[in-house]
Amino acid sequence: MREALEVTTFRLTPGLTGADFVAANEDINAYLLRQRGFRWRRITMTSDGTVIDVIAWESAADGRRSASGILTEMADSPVHDTIDQDTVEFRIAPVLQHTT
């Protein structure tokens, strides 16, 4: 199976809401849609305020390449100011099982 999930968790900058984060992602979403191997993205927020951002890729290599661009090509995105950078945890891993 060729698929990988990118899972990033973090807290928002104090005073911001999930809606603020989603709104700040407009340019990131456009960037992701242009990336080879992009399948889908889901953003959730738990009751304690942790944001969980999940992106499906055709491969882990596709995810790593795109993640690099988020930090370089998209470095000026307003999304970066919405994230408490000290709380970020980021992983990309191949999918072992997919049940539909």
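Every chain is numbered on its own, with residues counted from 1 as its sequence reads. Only residues with pLDDT of at least 70 are given local features in this predicted model, and only at 80 or more are side-chain atom pairs given and counted; all residues enter the totals for whole chains, interfaces and linings. Side-chain measures were taken over the full set of non-hydrogen atoms in the model, leaving aside hydrogen atoms and water.

(A) Local environment of the layout of surface pockets. As defined here, a cavity is a set of points on a 1 Å grid over the protein atoms alone where a 1.4 Å probe fits but cannot get out. A pocket is an open set with protein on both sides within 12 Å along at least five of seven lines, and residues line them when an atom is within 4 Å of a point. Grid points are joined across faces, edges and corners, and a volume is the space filled by probe spheres set on the points. The space that makes up the largest pocket amounts to roughly 410 Å³. Taken together, 20 residues make up the lining of the largest pocket; nearest its centre are Glu6, Thr8, Ile70, Ile83 and Phe90. Elements that contribute at least two residues to the lining of the largest pocket include exactly β1 (4-11), α2 (26-34), β3 (50-57) and α3 (60-71). At four residues, α3 tops the list of elements feeding residues into the lining of the largest pocket. In this text, helices come from DSSP runs of H or I with a minimum length of four residues, and strands from runs of E with a minimum of two, each type numbered from the N-terminal end.

(B) Representation of the packing of aromatic side chains in the model. Pairing of aromatic side chains here covers Phe, Tyr and the six-membered ring of Trp, requires ring centres within 6.5 Å, and sorts the geometry by plane angle: under 30 degrees stacked, over 60 edge-to-face, intermediate tilted. Going through the model one piece at a time under the given rule, you end up with two aromatic pairs. A ring pair is formed by phenylalanine 38 and tryptophan 57, whose centres lie 5.7 Å apart and whose planes are at 75°; its orientation type is edge-to-face. In this pair, phenylalanine 38 sits in strand β2 (residues 38-45) while tryptophan 57 sits in strand β3, placing the two residues 19 residues apart along the sequence.

(C) Here's a closer look at the side chain of asparagine 25. For asparagine 25, the position within the fold is in the loop between α1 (18-24) and α2. Partly exposed describes any residue whose relative accessible area lies between the buried limit of under 20% and the exposed limit of over 50%, with all areas from a 1.4 Å probe on protein chains only and scaled to the type maximum. According to the relative accessible area criterion, asparagine 25 is buried, its value standing at 1%. Whether two residues are in contact is decided by their heavy atoms: any pair within 4.5 Å suffices. When sequence neighbours within four positions are dropped, the list of residues in contact with asparagine 25 reads Arg41, Ile43 and Val79.

(D) Region of interest: the pattern of salt bridges. Any Lys or Arg side-chain nitrogen found within 4 Å of a carboxyl oxygen on Asp or Glu counts as a salt bridge. This structure, assessed with the given rule, holds six salt bridges. Of the charged contacts, one joins arginine 39 and glutamate 3 as a salt bridge, the two residues approaching to 3.0 Å between their closest N and O atoms. Here arginine 39 is found in strand β2, whereas its partner glutamate 3 is found in the segment before β1, with 36 residues between them in sequence. Judged by its relative accessible area of 38%, arginine 39 falls in the partly exposed class. Overall, glutamate 3 belongs to the buried group, its relative accessible area being 8%. A salt bridge links arginine 65 to aspartate 62; its shortest N-O distance comes to 2.4 Å.

(E) Representation of the packing of α2 against α3. Packing of α2 against α3 brings their axes to within 11 Å, and their N-to-C directions diverge by 145°. The way α2 lies across α3 gives a crossing that is right-handed. Together, Ile28, Tyr31 and Leu32 of α2 and Arg65, Ser66, Gly69 and Ile70 of α3 make up the contact between the two elements. Residue polarity follows a fixed list, in which Ala, Val, Leu, Ile, Met, Phe, Trp, Tyr, Cys and Pro are nonpolar, Asp, Glu, Lys and Arg are charged, and the others, Gly among them, are polar. In terms of residue class, the contact of α2 with α3 is made up of four nonpolar, two polar and one charged. Angles run from 0 to 180 degrees between N-to-C directions of axes, and those axes are lines fitted to C-alpha atoms, restricted for helices to the stretch in contact. Crossing chirality is assigned from the near helix's rotation relative to the far helix, an anticlockwise turn below a right angle marking it left-handed and a clockwise turn marking it right-handed.

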